[in-house]
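These are the residues of each chain, in order.
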Amino acid sequence: MTSDARGNGHDPRRAVLECRTEVVSNCTVIHVSGEVDLATIHVLIGALDSARAAPHPILVDLAETKYIDTTGIHALLHARERHDNTLAVAALAPTLKRIFDVLEIGRIIPVYDTLKAALSTVCPPSAASGARRP
Amino acid sequence: MRGNTTLRFRSDPVIFGAVRRLVSQTVIVAGGSRDDAWELELATGEVLTNAYQHAYGKTPGPLQVDLRYDDQMVEISIHDEGDVTGDGPSIPSTLADGSNHRGLYLVGKLTDRAEIVHPGTPQGGTTVRMRKYVNKLRWLTSMLASSQGVR
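Residues numbered from 1 in each chain as written. Chains lettered and ligands numbered in written order. Predicted model: local features only at pLDDT ≥ 70, side-chain atom pairs only at ≥ 80, totals over all residues. Heavy atoms only, no water.

Draft legend 1. Examining helix H2 (residues 70-81) of chain A more closely. Residue and element names in this part refer to chain A. Between its first and last C-alpha, H2 extends 16 Å over 12 residues, near the 16 Å set by a 1.5 Å rise per residue. Most of H2 sits out of view: nine of its 12 residues are buried. Residues of H2 that are buried include every one of Thr70, Thr71, Gly72, Ile73, Ala75, Leu76, Leu77, Ala79 and Arg80, and no others. In this structure Asp69 caps H2, since a side-chain oxygen of it lies 3.0 Å from the backbone nitrogen of Thr71. (Helix = DSSP H or I, 4+ residues; strand = E, 2+ residues; numbered from the N terminus. Expected span 1.5 Å × (residues − 1). Buried < 20%, exposed > 50% of the residue type's maximum accessible area, 1.4 Å probe, protein only. Polar contact = N/O pair within 3.5 Å; in protein donor to acceptor, adjacent residues only side chain to side chain.)

Draft legend 2. Representation of the sheet that holds strand E2 (residues 62-69) of chain B within the structure. All names here are of chain B. Strand order in the open sheet made by the five strands is E1-E2-E3-E5-E4, with antiparallel pairing throughout. Because the sheet does not close on itself, it has two edges, and the strands there are strand E1 (3-10) and strand E4 (113-117). Across the sheet, the axes of successive neighbouring strands diverge by a mean angle of 10°, strand direction being ignored. For E4 and strand E5 (residues 126-133), the ladder comprises five bridges, and the chain directions are antiparallel. Residue pairing for E5: Ile116 is matched across the bridge by Val128. Where helix H2 (residues 34-55) meets the sheet, its contacts fall on E1, E2, strand E3 (73-80) and E5, and the angle it forms with E3 comes to roughly 10°. (Pairing = 2+ DSSP bridges. Axes fitted to C-alpha atoms, helices over the stretch in contact; angles between N-to-C directions. Contact = heavy atoms within 4.5 Å.)

Draft legend 3. Here's a closer look at H2(B). Residue and element names in this part refer to chain B. The first and last C-alpha atoms of H2 sit 30 Å apart over 22 residues, in line with the 32 Å expected at 1.5 Å per residue. Within H2, 17 of the 22 residues are buried, leaving the element largely enclosed by the surrounding structure. Backbone geometry just downstream of H2 places Gly57 in the positive-phi region, at approximately 55°.

Draft legend 4. Main features of the state of the cysteines. Residue and element names in this part refer to chain A. Per the stated rule, a full pass over the model turns up one disulfide over all chains. The side chain of Cys27 participates in a disulfide bridge whose partner is Cys123; the two sulfur atoms lie 2.3 Å from each other. Given an S-S torsion of about -100°, the disulfide between Cys27 and Cys123 has left-handed geometry. You can see Cys27 sitting in strand E3 (residues 27-36) and its partner Cys123 sitting in the segment after helix H4 (115-122), a full 96 residues away along the chain. Here Cys19 stays free of any disulfide, with the sulfur of Cys27 as its closest cysteine sulfur at 17 Å. Note on Cys19: relative accessible area 1%, which makes it buried. (Disulfide = S-S within 2.5 Å.)

Draft legend 5. Representation of empty space enclosed by the protein within the structure. This model, assessed by the stated rule, comprises one cavity of 30 Å³ or more. Space inside the largest cavity adds up to approximately 40 Å³. Lining of the largest cavity is provided by Asp37(A), Leu38(A), Ala39(A), Asp69(A), Pro13(B), Phe16(B), Arg20(B), Gly45(B) and Thr49(B). Only helix H1 (13-29) and H2 of chain B provide two or more residues apiece to the lining of the largest cavity. (1 Å grid on protein atoms, 1.4 Å probe; cavity = no way out; pocket = protein on both sides within 12 Å on 5 of 7 lines; lining within 4 Å. Points joined across faces, edges and corners; volume = space filled by probe spheres on them.)

This is the structure we're talking about:
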């Protein structure tokens with residue numbers, strides 16, 4: 001099952017942010033496409049809030065994320081804290097990786113180089129459905 | 001090659017995206033790399049976000065951006081007219097726990113020089129001034145020649 005949320009609404013001036021959510025194995029995967037900033041942050045927060053309703057680990061795929069500032073990073077930190085620390089991010093472009101490194105986000109949120117690596121570690125198919133990591 | 005631009009607008013998150021993209025393009029025009037452009041764009045976005053959230057309490061307020069560049073550096077000054085409490089913020093040199101200072105810490109790390117001035121204008125408010133040397137080899141050569149009295 002997938003769901004979409006877009007941040008452009010009916011306003012053509014807005015930079016588009018799209019969050020597409022799907023359940024893979026035992027994870028809720030959010031594919032974040034576009035720019036995460038103050039104008040679009042509500043789209044990411046909405047997707048994270050919806051994902052938190054399910055008892056699965058959350059995996060945020062940033063492969064198509066062109067821009068993210070500390071507004072977006074704080075949303076990820078907040079969601080992880082409120083979801084039993086079961087949130088990880090994957091597939092950061094080098095520019096995004098630089099921000100995460102400078103802010104030492106990897107000490108708080110697990111960061112995976114690829115979505116495939118994240119899926120195999122965070123949500124292995126053999127894991128019991130609904131299980132939460134300690 | 002040198003130039004300058006002044007933008008005046010009301011703080012609106014939708015406009016911020018256009019402003020930071022202008023900064024990014026200016027860095028490229030000045031001869032900077034894509035990494036330079038990305039870093040100054042992000043620093044600009046952080047300062048604009050900070051002004052919106054803290055200077056004006058998430059309400060519209062006047063902002064002015066002064067952008068100037070030459071073939072060595074890009075400098076951007078962002079002025080707000082909002083309230084300042086206490087001594088006001090500064091650019092932190094260390095990464096403290098908690099969420100309040102990550103944006104300004106990032107600004108310090110992504111630029112070659114960053115400072116916050118209170119009051120930013122005679123009327124008050126805050127100015128954040130950031131500079132990035134977009135051609136560090138040319139800048140260093142210039143500084144060395146200057147220190148040795150070479151014309």
